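# A look at the structure
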Amino acid sequence: MDSRPEAASGATFAADPDTSLVASCLRGDETAWEALVKLHTRRVYSICFRFTGRAEQAQDLTQEVFLRVFRSLKSFDVGSGCFRVWLTSLTRNLLIDHYRKTRKEKLVDSIEDRMTELEQTGSPGGRPEARVAGREASEWLQAGLARLSPELREAVILRDVEEMEYREIAEILKVPDGTVKSRISRGRAELARLLRKMGVEV
Amino acid sequence: MKCSEFEIRLCEFLDGTLEETSRREMEQHASECELCAALVADSRAVQGFLERVEPVEAPQELVTSILYRTRHARSSVWPAIGWRRWLQPLLQPRFAMSMAMTILSVSMLYRVAGVQIRQLEAADLNPIQIWHGVDNSAHRLWNRGVKFYQNARFIYEIVQQWRALDSEEEQGAEAAAGSPPPEPRKLEPSPPPARKK
Ligand SMILES: [Zn+2]
């Protein structure tokens, strides 16, 4: 260990406020953990909700993500890693596990049912207005994402919803940059086609 | 330019981060390839749509329940320490003595209930053992107690008490004329273990 670890890590802390919070957490500081949870709950929930399309599931998964973070925080390398990317990786891995498990339980069927229902009746207000926005647009986006393959879905969510960098997404998905960009492009095009099919103007 | 390459570079093309030459190549390809032209239009359309989408907000109670659950997970993160480690400070000589005296008093109460106590060991400090490990060898315990404990007066008092209890017990046994001694004060719900020799 460096004789002056405080000075050495000080520069890193300034660059990423999460890192200093994580360091405090590892020293057993409960308020730092609370701050970390508060800072990232919305993001994790948003990814889970966009990916699964179910509020209750997204809540359960978000809780599971933070339980895992809590247990494995020690394995996060404060010196070199970006906490946000690490957290998103953890979230993504859990979502993929969840997807594989629930696919067997025919959850996809229930999404399909809901989709057909949405296509036939439209969102709660009937067929979509020519140009939807706000909450209504959010519901249509959800319906569109549910029909995307998980591969394209996660790429679009991480880039267009969570606005992450390509190299960060590549790190999370463990694929090359080019693959990430190609998936994002195909995902967007597919999403546009799906939304139009549902009568949403894009 | 191949369509697959166009697909990859499209991201940066839309971000506006492509350098001039690359951008021109892209525009050139899109003007010649219908599929890629549609890809550009669709991607732009989706980006516009996404800007109109209301961001997802987490339910308010979510943070609370996460904090609640992680607080509870703490016990599994820090594995439960055994009773021995928990009692470690109590096994220091100073505390061990008062502990021993406590057990001595407990053993005396057990004597009233017709049970004797065996030699005191660290294992006896396990609360469960205190209640279940009662056996004979009360004398050895007694000797150890005397060795440890320097307050002779207190010992004296205990001896007096013990003797008083003993004579009471004997009197009680005589009065009962062979029948079991009268039911003592209820001290512990579980029945005392069988005596071993
Ligand atoms: Zn092309």
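It should be emphasised that the depicted structure is a prediction, and the values quoted were computed from it without experimental measurement. (Residues numbered from 1 in each chain as written. Chains lettered and ligands numbered in written order. Predicted model: local features only at pLDDT ≥ 70, side-chain atom pairs only at ≥ 80, totals over all residues. Heavy atoms only, no water.)

Moving on, we come to the overall build of chain B. Each helix and strand counted, chain B has 9 helices and 0 strands in total. For chain B, the sequential pattern of α-helices and β-strands runs α-α-α-α-α-α-α-α-α. For chain B, contacts bridging at least 24 residues in sequence account for 57% of all contacts bridging at least 6. Carbon together with sulfur atoms contributes 56% to the accessible area of chain B, which is approximately 13,100 Å² in total. (Helix = DSSP H or I, 4+ residues; strand = E, 2+ residues; numbered from the N terminus. Contact = heavy atoms within 4.5 Å. Areas by Shrake-Rupley, 256 points an atom, 1.4 Å probe, with all protein chains shown as cover.)

Check the secondary structure of chain A and you find 10 helices and 0 strands. If you list the helices and strands of chain A from N to C, you get α-α-α-α-α-α-α-α-α-α. Counting the 202 residues in chain A, one finds 52% classified as buried. Sequence separation of at least 24 residues holds for 62% of the intrachain contacts in chain A that already meet a minimum separation of 6. When the accessible surface of chain A is split by element, carbon and sulfur atoms take 49% of a total near 9,600 Å². (Buried < 20%, exposed > 50% of the residue type's maximum accessible area, 1.4 Å probe, protein only.)

Looking now at the interface of chain A and chain B. Facing 46 residues of chain A, the contacting portion of chain B comprises 35 residues. Summing both partners gives a buried area of about 3,800 Å² for chain A against chain B, and 65% of it is carried by carbon and sulfur. Considering only the side of chain A, the residues that lose the most area to chain B are A:Q63, A:F70 and A:R188, jointly responsible for 16% of the buried surface there. Linking chain A with chain B are 6 salt bridges. In this structure, the salt-bridge partner of A:E30 is B:R71, at a minimum N-O distance of 3.3 Å. In this assembly, chain A and chain B are joined by 17 residue pairs in polar contact (both at pLDDT 80 or more). Here the side of chain A that touches chain B gets 12 residues from one element, more than from any other, and that element is helix α10 (residues 177–197) of chain A. (Buried area = accessible area lost by both parts, 1.4 Å probe. Salt bridge = Lys/Arg side-chain N within 4 Å of Asp/Glu carboxyl O. Polar contact = N/O pair within 3.5 Å; in protein donor to acceptor, adjacent residues only side chain to side chain.)

On to the confidence of the model for chain B. Per-residue pLDDT for chain B has a mean of 70; in total, 41% of the residues score no lower than 70. Across residues 78–85 of chain B, confidence stays below pLDDT 50; counting only partners more than four residues off in sequence or on other chains, it has 7 contacts. (pLDDT = per-residue confidence, 0-100.)

It is worth spelling out the packing of aromatic side chains at this point. All names here are of chain A. A complete count under the given rule lists 7 aromatic pairs over all chains for this structure. On the basis of an interplanar angle of 75 degrees and a centroid distance of 6.5 Å, the ring pair of W33 and F66 is categorised as edge-to-face. Of the two residues, W33 sits in helix α3 (residues 30–52) while F66 sits in helix α4 (residues 55–72), which places them 33 residues apart along the sequence. Comparing W33 with F66, the two get one shared label, buried. Relative to F83, the ring of F76 has its centre 5.6 Å away and its plane inclined at 80 degrees; by these criteria the two rings are edge-to-face. (Phe/Tyr/Trp six-rings, centres within 6.5 Å; stacked < 30°, edge-to-face > 60°.)

On to the environment of A:P17, then. Residue and element names in this part refer to chain A. Mapped onto the secondary structure, P17 falls in helix α2 (residues 17–26). What makes P17 exposed here is its relative accessible area of 52%. In this structure the C-alpha to C-alpha distance between P17 and F83, which are 66 residues apart in sequence, comes to 9.5 Å.

What follows is about unusual backbone geometry. Residues and elements named next belong to chain A. Despite not being glycine, E163 shows a phi value in the positive range, around 55 degrees. Within the secondary structure layout, E163 lies in the loop between α8 (150–161) and α9 (166–173). Given the relative accessible area of 61%, E163 is considered exposed. One non-glycine residue, K174, lies in positive phi territory at about 55 degrees. Looking at where K174 falls in the secondary structure, it is placed in the loop between α9 and α10.

So, on to the coordination of the zinc ion. Residue and element names in this part refer to chain B. Protein-derived coordination of the zinc ion comes from C3 (SG), H29 (NE2), C33 (SG) and C36 (SG), at a distance range of 2.1 to 2.4 Å. Seen from the zinc ion, its 4 donor atoms lie at angles of 98 to 114 degrees, and the figure they make is tetrahedral. Within one chain, the residues serving as donors to the zinc ion are arranged as C-x25-H-x3-C-x2-C. For H29, a relative accessible area of 9% gives the class buried. (Donors = N, O, S within 2.8 Å, 3.2 Å for Na, K, Ca; no water. Tetrahedral: all angles 85-135°; square planar, octahedral: opposite > 155°, others 65-115°.)

What follows concerns the nonpolar core. A:W33, A:V69, A:F83, A:L191 and B:F49 are the most contacted members of the largest nonpolar core, which totals 68 residues. At 10 residues, the largest contribution of residues to this core is made by α3(A). In contact with A:F83, other than residues within four places in its own chain, are A:D16, A:D18, A:V22, A:L36, A:H40, A:V69, A:L73 and A:F76. By size, the runner-up hydrophobic cluster in this structure holds 11 residues, among which are B:F6, B:L10, B:L18 and B:V40. (Core = buried A, V, L, I, M, F, W, Y, C linked by side-chain atoms within 4.5 Å.)

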